Amino acid sequence: MHRFALSTRLTVCFIAIMALCFAVVGALLFRAVADRFYVQDEVNLVLSTRHLRRLVSELATPRDLVDHRDRLTALILGDAAVSMRIVDNQGRVLVEHPAVGGQPAMATHVVPGDQRVLRSDVTSWDDGAGNPVRGVSALARLQDKTPVTISVARTMTDRAVVLARYRHDITLILLSGGVLAVVLSYLLVRRAMRPLRTMADNARAITAQRLGSRMSMRDTPAELHDLALSLNAMLERLEHGFGRVWQFTVDLAHDLRTPIGNLRGANEVALARPRTAAEYQALLGSNIEECDRVSRTIESVLFLARAESPQFALQRTTFDAVQELTRIADYFEGLSSEAGVSIRVDGHASLHADRELFRRAVGNLLSNALRYTDAGKSIDMTAAAVDDGVTVSVANEGPGIDAAHLDQLFDRFYRVDRSRSDSASSTGLGLSIVKSIMELHGGQVTVSSQLQGITCFTLWFPRSTGPEHESAARP
Ligand SMILES: Nc1ncnc2c1ncn2[C@@H]1O[C@H](COP(=O)(O)OP(=O)(O)OP(=O)(O)O)[C@@H](O)[C@H]1O
Ligand SMILES: [Mg+2]
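Residues numbered from 1 in each chain as written. Chains lettered and ligands numbered in written order. Predicted model: local features only at pLDDT ≥ 70, side-chain atom pairs only at ≥ 80, totals over all residues. Heavy atoms only, no water.

**Quick notes on the domain arrangement of the protein chain**
- In terms of domain boundaries, the protein chain breaks down into domain 1 (6-163), domain 2 (222-305) and domain 3 (311-462).
- For domain 1 and domain 3, the distance between their C-alpha centres works out to 108 Å. (Domains from an automatic or database assignment.)

**Side note on the sheet that holds strand β8 (residues 342-348)**
- If you walk across this open sheet you meet the 5 strands as β8-β10-β11-β13-β12, and the pairing is mixed. Each edge of the open sheet is held by one strand with a lone partner, namely β8 and β12 (444-449). Taking the axes of each pair of neighbouring strands and ignoring which way they run, one obtains an average angle of 15° across the sheet.
- Pairing of β12 with strand β13 (residues 454-462), which is carried by 6 bridges, proceeds in the antiparallel orientation. Bridge pairing in β13 links Q444 to W460.
- Helix α8 (residues 321-331) rests against β8, β10 (378-386) and β11 (389-397) of the sheet, and its axis sits at about 170° to β8.
- Packed onto the sheet, helix α13 (residues 430-440) meets β12 and β13 and runs at close to 25° relative to β13. (Pairing = 2+ DSSP bridges. Helix = DSSP H or I, 4+ residues; strand = E, 2+ residues; numbered from the N terminus. Axes fitted to C-alpha atoms, helices over the stretch in contact; angles between N-to-C directions. Contact = heavy atoms within 4.5 Å.)

**Considering a positive patch on the surface**
- Together, R190, R191, R194 and R197 line one region of the surface with positive charge.
- Mapped onto the positive patch, the elements with two or more residues apiece are α4 (157-192) and α5 (194-204). (Patch = residues over 30% accessible without salt bridge, like charges linked within 9 Å, V, L, I, M, F, W, Y side chains within 5 Å. Areas by Shrake-Rupley, 256 points an atom, 1.4 Å probe, with all protein chains shown as cover. Salt bridge = Lys/Arg side-chain N within 4 Å of Asp/Glu carboxyl O. Lys, Arg positive; Asp, Glu negative; His and termini not counted. Charge placed at Lys NZ, Arg CZ, Asp CG, Glu CD.)

**A closer look at α8**
- Along α8, the residues classified as buried are A321, V322, E324, L325, I328 and A329. For α8, the arc enclosing every buried residue in end-on projection is 160°, short of the 170-degree limit, so these residues lie on one face. Pointing more than 90 degrees away from the buried face of α8 are the exposed residues D330 and Y331.
- The N-cap of α8, judged by a side-chain oxygen 2.9 Å from the amide nitrogen of V322 a few residues on, is D320. (Buried < 20%, exposed > 50% of the residue type's maximum accessible area, 1.4 Å probe, protein only. Arc of directions from axis to C-beta. Polar contact = N/O pair within 3.5 Å; in protein donor to acceptor, adjacent residues only side chain to side chain.)

**Section: the UniProt feature "transmembrane region" (unreviewed entry) in the protein chain**
- Residues annotated by UniProt as "transmembrane region" (unreviewed entry) correspond here to residues 170-189.
- The annotated region residues 170-189 carries 100% helix and 0% strand content, and the separation between its end C-alpha atoms amounts to 27 Å. (UniProt positions renumbered as here; feature names shortened; annotations may be inferred.)

**Brief notes about the packing of α8 against helix α10 (residues 355-372)**
- At their nearest, the axes of α8 and α10 sit 10 Å apart, and the two run at 55° to each other. On the basis of their axis angle, the class for α8 and α10 is oblique. Both α8 and α10 take part in a crossing whose hand is right-handed. For the pair α8 and α10, contact is made by A321, E324, L325, R327, I328 and A329 and by R355, F358, R359, V362, G363 and L366, respectively.
- The residue makeup of the contact of α8 with α10, split by class, is 7 nonpolar, 1 polar and 4 charged. (Parallel < 35°, antiparallel > 145°, perpendicular 65-115°, else oblique. Left-handed = near helix turned anticlockwise from the far one by under 90°. Nonpolar A, V, L, I, M, F, W, Y, C, P; charged D, E, K, R; others polar.)

**Some details on the pattern of salt bridges**
- Counted by the stated rule, this structure contains 26 salt bridges.
- With its nearest N and O atoms 2.9 Å apart, the salt bridge here joins R264 to E268. Within this pair, R264 and its partner E268 are both found in helix α6 (residues 222-271), separated by 4 residues, close to a single helical turn.
- Look at E268 and you get partly exposed, because its relative accessible area is 46%.
- Linked through salt bridges whose partners overlap, the residues forming this network are D41, R154, D158 and R159.

**Details of the packing of aromatic side chains**
- Evaluated as defined, the whole model comprises 5 aromatic pairs.
- Between F358 and F461, the aromatic rings sit 5.8 Å apart at their centres with planes inclined by 50°, giving tilted as the arrangement. With a gap of 103 residues between them, F358 in helix α10 and F461 in strand β13 connect regions that are remote in the sequence.
- Note on F358: relative accessible area 0%, which makes it buried.
- Exposure remark for F461: the relative accessible area of 3% places this residue in the buried category.
- Centroid distance F410 to F457: 6.2 Å. Interplanar angle 85°. Geometry classified as edge-to-face. Note that F410 is positioned in the loop between α11 (403-406) and α12 (418-421) and F457 in strand β13, a separation of 47 residues in sequence. Taken as a pair, F410 and F457 share a single burial class, namely buried.
- Pairwise contacts between aromatic rings join F319, F358 and F461 into one cluster.
- Taking NZ or CZ as reference, R360 lies 4.3 Å from the ring centre of F303, over its face.
- Positioned above the aromatic ring of F248 is the side chain of R412, whose terminal nitrogen or guanidinium carbon lies 4.7 Å from the ring centre. (Phe/Tyr/Trp six-rings, centres within 6.5 Å; stacked < 30°, edge-to-face > 60°. Lys NZ or Arg CZ within 6 Å of the ring centre and 35° of its normal.)

**Examining the nonpolar core**
- Grouped together as the largest cluster of nonpolar side chains are 48 residues, with contacts concentrated most on F358, V362, V392, F457 and L459.
- In terms of residues, this core owes the most to one element, α10, which gives 8 residues.
- The two domains that each donate at least three residues to this core are domain 2 (222-305) and domain 3 (311-462).
- When neighbours within four sequence positions are excluded, F358 is seen to be in contact with F319, A321, E324, L325, I328, L351, V392 and F461.
- The next biggest cluster of nonpolar side chains, apart from the first, holds 24 residues, and it includes V46, L59, V95 and V136. (Core = buried A, V, L, I, M, F, W, Y, C linked by side-chain atoms within 4.5 Å.)

Here's what the structure looks like:
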């Protein structure tokens, strides 16, 4: 299907509507004028016939008719298109005007003598030469009871000429009006479309490098106001999204540069002079640690990228949250006893969630807690069923987190204490992965912390609608 410009479509619609209106108005106007003519002529014909009938009825004999010819014809003298004739019942012409030859044939319908002549008695016919004629015939009786037929007719040729001229004039006026209306409606539509073109120009100017531009709200008509607002809101989101991607790229590059720089530096130093086997062993050990950090960063970044892809689907199952927490605590047993920290699990709740992602989220919180809990202290993991779902909290006693950091804590690569966290074990992605996992579940992660006190991370899983198993797309 062809796609026409909106202004072309609107103009065509306007033209069609106007053509229809003009045609109807023109036809009605013409009809009204024609009717006026015909009504006037009919009335004249009827009045003349009635008058003639009255005059005839006052005369005594057919002879009188001929004698009073002038009186009888005077009635129609003024109008050359009108003719009259009085004939007796043998068809002999008694009075006629104009003279023989100019008289058109008479109406076939004759009004009886006892009936009043009405407009409806006027009939139309053709004079044989193609000229339209209208007329009326009526019976009348002389004083001596002689019946005569009075006929009055009017050649309509002059009317037809006037009406044809009139029709021509109306057509011309309407056509000129139509052309004017077409031009004006095109200009009007073009003008009405101007804000759309301005918006298109605005949109053309927006590129990835100029995402700060916005649709101008000035001169935007009410109909486009909402559209402009929505586009601006979309640009806002895009700008924010692009900003995040850009920031993420910068942070990622920075975070990969550090371990690679360390690797290269340590290797260069080691190669500067001959080393013992033990020194090379130590170097290789630290190289492996740096490599681990790089691969952990890459693995985390990949996880976050996949978690944000629309194809990512959860595999929810229903499981006992406390049992799962105990299993995770067992897994961290080695690390916790090394740090002299005990892990306590408490509560009661059944959870409908992706078990692997649950393990990963709780594991990240627990490994943070282990890193920040002083020896001899304990970490509490609690699961509880609440009104609108299930909460799982991981609380530890330690240095705590300053309130100023809490807002950014879940941002990618954000670490509170960079000097300490830049160690091989820290990527700064752990909590953003937790946040991603909770968003995938439609839940959220919150934190509360007191300096030199308890730091508690809480995962909230909303009440699940059912134990459906989502598709097995797994990164
Ligand atoms: N329990 C906690 N007590 C004090 N600070 C914490 C605690 N958990 C997290 N943090 C702070 O939040 C920061 C971000 O944590 P996150 O888990 O995102 O990164 P990370 O632990 O540094 O790196 P990764 O988890 O990748 O090894 C940490 O660097 C730390 O400063
Ligand atoms: Mg962490």
